[in-house]
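Report on the structure
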2 protein chains.
Amino acid sequence: MTDYKQISKAVISRLPRYYRYLGELMEEGIERISSNELSARMKVTASQIRQDLNNFGGFGQQGYGYNVKYLYAEIARILGIDRQHNLIIIGAGNLGQAIANYTNFEKRGFIIKGMFDINPRLIGLVVRGAKIRGIDDLEQFIVENEVQIAALTIPKSKAPEIADRLVKAGIKAIWNFAHTDLSVPDDVVVENVHLSESLMRLSYRVCSMQDERERREKGQLS
Amino acid sequence: MTDYKQISKAVISRLPRYYRYLGELMEEGIERISSNELSARMKVTASQIRQDLNNFGGFGQQGYGYNVKYLYAEIARILGIDRQHNLIIIGAGNLGQAIANYTNFEKRGFIIKGMFDINPRLIGLVVRGAKIRGIDDLEQFIVENEVQIAALTIPKSKAPEIADRLVKAGIKAIWNFAHTDLSVPDDVVVENVHLSESLMRLSYRVCSMQDERERREKGQLS
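Residues numbered from 1 in each chain as written. Chains lettered and ligands numbered in written order. Predicted model: local features only at pLDDT ≥ 70, side-chain atom pairs only at ≥ 80, totals over all residues. Heavy atoms only, no water.

This brings us to the overall build of chain A. Broken down by element type, chain A carries nine helices and nine strands. For 222 residues, the compact-globule estimate of 2.2 N^0.38 gives 17 Å, and chain A exceeds it by more than 25% at 22 Å. For chain A, the spread of C-alpha atoms along the three principal axes comes to 60 × 55 × 35 Å. Residues counted as buried form 51% of the 222 residues belonging to chain A. A total accessible area of about 10,900 Å² is found for chain A, and carbon and sulfur atoms account for 46% of it. Distance between charge centres in chain A, computed from 30 positive and 27 negative side chains, equals 4 Å. (Helix = DSSP H or I, 4+ residues; strand = E, 2+ residues; numbered from the N terminus. Rg over C-alpha atoms; globule rule 2.2 N^0.38 Å. Buried < 20%, exposed > 50% of the residue type's maximum accessible area, 1.4 Å probe, protein only. Areas by Shrake-Rupley, 256 points an atom, 1.4 Å probe, with all protein chains shown as cover. Lys, Arg positive; Asp, Glu negative; His and termini not counted. Charge placed at Lys NZ, Arg CZ, Asp CG, Glu CD.)

Next up, the structure:
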């Protein structure tokens, strides 16, 4: 069995993408795949693939390729998506509802137990089976439903206070969409999704591409 | 003036975060900040900060610190958020509407010109000034409104076909929320936001933390 400690951070960050491609191969009924074939699909070098998947020990037999189903299950185990994680969503606006509506999360073991909001017009509504509750019930709900993960889709100004309450109530991980860095104890995981930072990276790449094009037209680049 | 070519990819990826902190300093009325003070706020080493910001030439004078406003403007210029980018959103579901409702994007020059959907119940609605249109009008709208960026918040199955249409209509960048890799020409930028991959990374970190805790309890870790 592969050990958590053995795999580098860089490899881990690439595993979800392997997982997605392996899932697609399974849907197509493909049982084995060589590193060269996977390389062509994923647009990653075959040697990178061999290096990454070597972490899972003896899967890639020369001439036989990788056992798709086995590798898929092993990556799921390492990523912890072979078991159930109870999740709540704080903030039932458009983004919170978008998350609640992703059926794929459920398939990967993320069960949305409930949603919370301060807007009285939203409280009581049900989004795909998850009832929207008032924020007063937060702590009790977390304990009673063994909630491990909280998605935070609320404005930045409210995020630190809510994060404190979540941590005190025993939450182990915050999926943070608020545009701020949260300060939590070392044993609580924060995974940030900062959409405006993503949009700025895109903007940089567009401008840099345009700059290159203009310089090429002026004959400054070969 | 700083040049696009001079700055490494790693530094660029950190610039949006600097930009956010510098913006907060400006809101607080702080005009100058030392690398040590910025280090304490951002929880990054002061030497990392000095290295990163050195790319912008002579801003950090020994004993004087950085000029917040100047650095903020210079980073904005490098990221290309000192100018206007016209944007459309394809897919007017919860996620598309969440993006349309982010007022912060507009402040950074991303102007949402319109939204598109195939759902007749959504077509004609207006989200914060952006009208939802049928997908037939896509190409004409892009040309007439000089649209540069398209956010793709549609299911994976439709994404490749729509991406092709966007590229042919002259779109320069796709902000891709569909859970698939898009195949586009080299001069078109794709910035992926794969939420389920983010959730898997979070899941990995929770499980790995739990594993560590259990091993520590068993006395296997010092």
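In this section: the interface of chain A and chain B. Taken together, the contact between chain A and chain B spans 68 residues of the former and 68 residues of the latter. Interface area, chain A with chain B, both sides summed: about 6,200 Å², of which 60% is carbon and sulfur. Contact with chain B buries area across many residues of chain A, yet Leu199, Met200 and Tyr204 of chain A alone supply 11% of it, more than any other trio. Run the count over chain A and chain B and you get 12 salt bridges. A salt bridge links Arg20 of chain A to Asp181 of chain B; the shortest N-O distance between them is 3.3 Å. Seen at the junction of chain A and chain B, the total is 29 residue pairs in polar contact (both at pLDDT 80 or more). If you list the elements that add at least two residues to the side of chain A that touches chain B, you get α1 (9-27), α4 (68-79), β3 (85-90), α5 (94-100), β8 (173-176), β9 (189-192) and α9 (195-217) of chain A. No other element matches α9 of chain A, which puts 20 residues into the side of chain A that touches chain B. Looking at side-chain class alone, the side of chain A that touches chain B contains 31 nonpolar, 16 polar and 21 charged residues. (Contact = heavy atoms within 4.5 Å. Buried area = accessible area lost by both parts, 1.4 Å probe. Salt bridge = Lys/Arg side-chain N within 4 Å of Asp/Glu carboxyl O. Polar contact = N/O pair within 3.5 Å; in protein donor to acceptor, adjacent residues only side chain to side chain. Nonpolar A, V, L, I, M, F, W, Y, C, P; charged D, E, K, R; others polar.)

The next point concerns the environment of Gln140 of chain B. All names here are of chain B. Relative to the elements of secondary structure, Gln140 occurs in helix α7 (residues 138-144). Between the C-alpha atoms of Gln140 and Gly80, which are 60 residues apart in sequence, the distance is 26 Å. For Gln140, the side chain forms a polar contact with the side chain of Glu144, separated by 2.8 Å.

Below, the discussion takes up the relation of the copies chain A and chain B. Of the transformation placing chain A onto chain B, the axial shift is 0.0 Å and the rotation is 180°, giving an RMSD of 0.0 Å. Viewed as a symmetry operation, the transformation between the two copies matches a two-fold axis. Measuring from the rotation axis to each C-alpha of chain A, the shortest distance belongs to Asn94 of chain A, at 2.4 Å. By residue overlap, the copies meet face to face through one surface: 100% of the interface positions of chain A are interface positions in chain B. (Least-squares fit on C-alpha atoms with pLDDT ≥ 70 in both.)

Our next topic: helix α2 (residues 35-42) of chain B. All names here are of chain B. Of all the residues in α2, the buried ones are Ser35, Leu38, Ser39 and Met42. Here the buried residues of α2 occupy an arc of 105° about the axis, which is enough to place them on one side. Turned more than 90 degrees away from the buried face of α2 sit Asn36 and Ala40, all of them exposed. Where α2 is buried, its residues contact α1 (9-27), β1 (32-33), α3 (46-54) and β2 (66-67). (Arc of directions from axis to C-beta.)

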